[in-house]
Amino acid sequence: MRVHVISDMEGVSGIVRWEQVSGGDPMYEEGRKLYTGEINAAVRGANAGGATEIVVMDCHGAGKGWSFNSLIPEELDPACEFVVQSEWTEYTEFLEQGCDAALFVGMHARAGTREGVMNHTVSGEEWQNLWFNGTLVGETGINAALCGTWACPVLLVTGDEATCAEARDLLGGELTTVSVKRGLGQFSARQVPAPRARELIEAGARKALEDLKAVAPYDPGHPCEIRVEYKTTEAFDEARRKPTVEEAGERTVVSRADDWWQAWKQFFL
């Protein structure tokens, strides 16, 4: 069984501040340790659940040289391998080869989600809303669509309560979710201590792999329209100049194609 662990930092227990997820900040090293601990828990659970090959892909943009490279390699569980990519959604080889399941660790809620800890979509400074064929999505939706392009189902999502609810709404009630904190605001939360959070994630990963058909691979639909509303005119101006997108409002662009992957590549990669 081939399992892809896809991770982000903001949904990890103990993390509630940008300073914990921004490369080079004093609190970032603490965030990296918490992050690697939850990734390892998912790896242990996947291994116990029968995985024969596990590849971890860090999807956190920490800035500077730490983007997509925030986990601590020397502390990573040796039962997995890990990828460092240059651009988010760039690495697809493992999916293209055939992957049985994806486990999402440390996810956060989409922009504007009340009580979503550190909620944002792609860029907290530039992006306001994102839709796939009219469905409002966040980064869980982006990663799920990426996996779904190669028929890989997402079977586990961990993060705060708001993120878990968002993931179930998008992917279905049979999705296994593990909440490690409850948002009290954008930068505050009631949290499960790290040792307990890791136990819950390990158990959740093992349980999720018991039924590989519990959740269907996510497909936004054919053809596919991706609509992005930006917060700033500067970000909008940069996006609208791409010849493969259309303007659809004062700060909104649209990319259309026969499928999600082509539509996504037209304006993001």
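Rules used throughout
In this convention, every chain numbers its residues from 1, walking through the sequence in written order. In keeping with the predicted nature of the model, local features appear solely for residues at pLDDT of at least 70, side-chain atom pairs appear and are counted solely at 80 or more, and the whole-chain, interface and lining totals rest on all residues. Side-chain descriptors were evaluated using all non-hydrogen atoms of the structure, hydrogens and water having been removed beforehand. Only runs of H or I of at least four residues qualify as helices and only runs of E of at least two qualify as strands under DSSP, and these elements are numbered from the N terminus. All radius of gyration figures rest on C-alpha atoms, and the globule criterion is 2.2 Å times the number of residues raised to 0.38. Throughout this description, buried means an accessible area under 20% of the type-specific maximum (1.4 Å probe, protein chains only), exposed means over 50%, and partly exposed covers the range between. When checking whether two residues touch, look at their non-hydrogen atoms; a contact exists if any pair is within 4.5 Å. Using a 1.4 Å probe, accessible areas were evaluated by the Shrake-Rupley method; residue-level cover was limited to the displayed protein chains. Positive charge is attributed to Lys and Arg, negative charge to Asp and Glu, and no charge count is given to His or to the chain ends. For charged residues, the charge sits on one atom: NZ in Lys, CZ in Arg, CG in Asp, CD in Glu. Two distance rules govern patches: like charges are joined within 9 Å, and nonpolar side chains (Val, Leu, Ile, Met, Phe, Trp, Tyr) within 5 Å, applied only to residues with over 30% relative accessible area and no salt bridge. The salt bridge definition used is simple: a Lys or Arg side-chain nitrogen within 4 Å of an Asp or Glu carboxyl oxygen. Pairing between two strands is assigned when DSSP locates at least 2 bridges connecting them. What is meant by a nonpolar core is a set of buried Ala, Val, Leu, Ile, Met, Phe, Trp, Tyr and Cys residues, joined one to another through side-chain atoms within 4.5 Å. Note on method: axes are straight lines fitted to C-alpha atoms, helices fitted across the in-contact stretch only, with angles between N-to-C directions ranging 0 to 180 degrees. Each angle gets one of four labels, with under 35 degrees taken as roughly parallel, over 145 as roughly antiparallel, 65 to 115 as roughly perpendicular, and the rest as oblique. If you view the pair so one helix is near and one far, a crossing is left-handed when the near helix is turned anticlockwise from the far one by less than a right angle, and right-handed when it is turned clockwise. Scored from 0 to 100, pLDDT records how confident the predictor is in each individual residue. A pair of sulfur atoms, both from cysteines and within 2.5 Å, is called a disulfide here. Any two rings among Phe, Tyr and Trp, with Trp reduced to its six-membered ring, count as a pair given centres within 6.5 Å; such a pair is stacked if its planes are under 30 degrees apart, edge-to-face if over 60, and tilted if neither.

Draft legend 1. Region of interest: the overall build of the protein chain. If you tally the helices and strands in the protein chain, you get seven helices and twelve strands. Relative to a compact globule of 269 residues, whose C-alpha radius of gyration would be 18 Å, the protein chain shows 17 Å and is just as compact. Considered along the principal axes of its C-alpha atoms, the protein chain spans approximately 50 × 40 × 35 Å. Burial status across the protein chain gives 54% buried among its 269 residues. Taking contacts inside the protein chain between residues at least 6 apart in sequence as the whole, the part at least 24 apart equals 69%. Summed over its atoms, the accessible surface of the protein chain is roughly 11400 Å², and 44% of this surface lies on carbon and sulfur atoms. Across the protein chain, the mean location of the 25 positive side-chain charges is 5 Å away from that of the 42 negative side-chain charges.

Draft legend 2. Broad picture of a negative patch on the surface. Taken together, the side chains of Glu 125, Glu 126, Glu 234 and Glu 238 define an acidic patch exposed on the protein surface. Mapped onto the secondary structure, Glu 238 falls in helix α6 (residues 233-240).

Draft legend 3. Layout of the sheet that holds strand β11 (residues 246-247). On the basis of which strands lie adjacent, the open sheet formed by five strands has the order β6-β5-β10-β12-β11 and antiparallel pairing. Either end of the sheet is taken by a strand with one partner, and the two such strands are β6 (135-136) and β11. Relative to β6, strand β5 (residues 127-132) runs antiparallel, the two being bridged by two bridges. Counted as the bridge partner of Phe 132 is Thr 135 from β6.

Draft legend 4. The arrangement of the nonpolar core in detail. Within the largest apolar cluster, 84 residues are counted, with the highest numbers of intra-cluster contacts made by Leu 103, Phe 132, Ile 226 and Trp 260. Ranked by residue count, the leading element in this core is helix α1 (residues 28-48), at eight residues. The contact partners of Ile 226, leaving out residues within four places of it in the chain, are Leu 130, Trp 131, Phe 132, Val 253, Val 254, Ser 255, Trp 260, Ala 263, Trp 264 and Phe 267.

Draft legend 5. The arrangement of the packing of helix α3 (residues 139-149) against helix α7 (residues 260-267) in detail. For the pair α3 and α7, the least separation of the axes is 9 Å and the interaxial angle reads 125°. In terms of orientation, α3 lies oblique with respect to α7. The two elements α3 and α7 meet at a crossing, and its hand is left-handed. Here Ile 142, Ala 145, Leu 146 and Thr 149 of α3 lie close against α7, whose contacting residues are Trp 260, Trp 261 and Trp 264.

Draft legend 6. View of the confidence of the model for the protein chain. Considering every residue of the protein chain, the mean pLDDT works out to 97; 100% of them sit at 70 or more. Mean pLDDT per element in the protein chain: α6 is the minimum at 93, and strand β4 (residues 101-107) is the maximum at 99.

Draft legend 7. How the structure looks around the pairing of strand β1 (residues 2-7). Burial runs high along β1: six of the six residues are buried. Neither face of β1 is left uncovered, since the one carrying Arg 2, His 4 and Ile 6 and the one carrying Val 3, Val 5 and Ser 7 both have all their residues buried. Taken together, the six bridges between β1 and strand β2 (residues 53-58) define a ladder with parallel strand orientation. Counterpart to Val 5 in the pairing with β2 is Val 56. Here five bridges tie β1 to β4, and the two strands are oriented parallel to one another. The residue of β4 that forms the bridge with Ile 6 is Phe 104.

Draft legend 8. Highlighting the state of the cysteines. Tallying each qualifying case throughout the model produces zero disulfides. The thiol of Cys 80 is not disulfide-bonded; the next cysteine sulfur, from Cys 99, is found 13 Å away. The closest cysteine sulfur to the non-disulfide-bonded Cys 152 is located on Cys 99, 3.9 Å from its own sulfur. Given the relative accessible area of 1%, Cys 152 is considered buried.

Draft legend 9. Just the packing of aromatic side chains, in detail. In total, this model carries 15 aromatic pairs according to the counting rule given. For the pair Tyr 28 and Trp 66, a centre-to-centre distance of 5.6 Å together with 70° between the ring planes defines the contact as edge-to-face. With Tyr 28 in helix α1 and Trp 66 in the loop between β2 and β3 (81-83), the pair connects residues that are 38 residues apart, well separated along the chain. Note on Trp 66: relative accessible area 27%, which makes it partly exposed. With 5.4 Å between their ring centres and 80° between their planes, Trp 264 and Phe 267 make a pair best called edge-to-face. Remark: Phe 267 and Trp 264 occur in helix α7; sequence separation between them is three residues, near one turn of the helix. Here Trp 264 and Phe 267 have matching classes, each one buried. The rings of Trp 88, Trp 127, Phe 132, Trp 150, Tyr 230, Trp 260, Trp 261, Trp 264, Phe 267 and Phe 268 are connected pair by pair, giving a single aromatic cluster.

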